[in-house]
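Close look at the chain arrangement
Take a look at the letters that make up each chain.
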Amino acid sequence: MSILWMIIVGAIAGFLAGQLFQGYGFGLIGNIAVGIVGALIGGFLFGGVFVVGGMIGQIISATIGAIILLFIISLVKR
């Protein structure tokens, strides 16, 4: 069940990050992948700093991580 939950949170975070960081959407599968990697980045950054709990907290931290990932991708693409 946790893998399914990670895919759902990754899809939501990837979609939100694609909407907030205009021009860097990668389609459904790409957004899920960006969201999952973003969730790992967000969990690493905010796991020890803030108490991020619940569904909303997981989505927010994953979205922030996905935005950071999209920003890094945009720097590399230049």
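Figured I'd write up the structure that's included with this text. The structure displayed is predicted, hence computed values, not measured ones.

Counting its regular elements, the protein chain contains three helices and zero strands. For the protein chain, the succession of helices and strands along the chain, N to C, is α-α-α. Relative to its full complement of 78 residues, the protein chain shows a buried share of 33%. Here the analysis covers contacts within the protein chain between residues at least 6 apart in sequence; of these, 71% occur between residues at least 24 apart. Working note: accessible area of the protein chain is about 4,900 Å², and carbon and sulfur atoms make up 78% of it.

What follows covers the nonpolar core. Proteins that are soluble and globular tend to have nonpolar side chains buried together. Counting residues in each nonpolar core, the largest one holds six residues, listed as Ala17, Phe21, Val34, Ala66, Leu69 and Leu70. Here this core takes three residues from helix α3 (residues 54-77), the largest share from any one element.

The next point concerns the side chain of threonine 63. Here threonine 63 is to be found in helix α3. Accessibility expressed as a relative area gives 7% for threonine 63, which makes it buried. A distance of 2.7 Å separates the side chain of threonine 63 from the backbone oxygen of isoleucine 59, its partner in a polar contact.

Where helix α1 (residues 2-20) meets α3, the closest approach of the two axes is 8 Å, and the angle between their N-to-C directions is 50°. Classified by the interaxial angle, the pair formed by α1 and α3 is oblique. Relative to α3, the crossing made by α1 is right-handed. On the side of α1, the interface is formed by Trp5, Val9, Ile12, Ala13, Leu16, Ala17, Gly18 and Leu20, while α3 contributes Met55, Gln58, Ile59, Ala62, Thr63, Ala66, Ile67 and Leu70. Within the contact of α1 with α3, the residues separate by chemical class into 13 nonpolar, three polar and no charged.

Reading guide: rules and limits
Residues numbered from 1 in each chain as written. Predicted model: local features only at pLDDT ≥ 70, side-chain atom pairs only at ≥ 80, totals over all residues. Heavy atoms only, no water. Helix = DSSP H or I, 4+ residues; strand = E, 2+ residues; numbered from the N terminus. Buried < 20%, exposed > 50% of the residue type's maximum accessible area, 1.4 Å probe, protein only. Contact = heavy atoms within 4.5 Å. Areas by Shrake-Rupley, 256 points an atom, 1.4 Å probe, with all protein chains shown as cover. Core = buried A, V, L, I, M, F, W, Y, C linked by side-chain atoms within 4.5 Å. Polar contact = N/O pair within 3.5 Å; in protein donor to acceptor, adjacent residues only side chain to side chain. Axes fitted to C-alpha atoms, helices over the stretch in contact; angles between N-to-C directions. Parallel < 35°, antiparallel > 145°, perpendicular 65-115°, else oblique. Left-handed = near helix turned anticlockwise from the far one by under 90°. Nonpolar A, V, L, I, M, F, W, Y, C, P; charged D, E, K, R; others polar.

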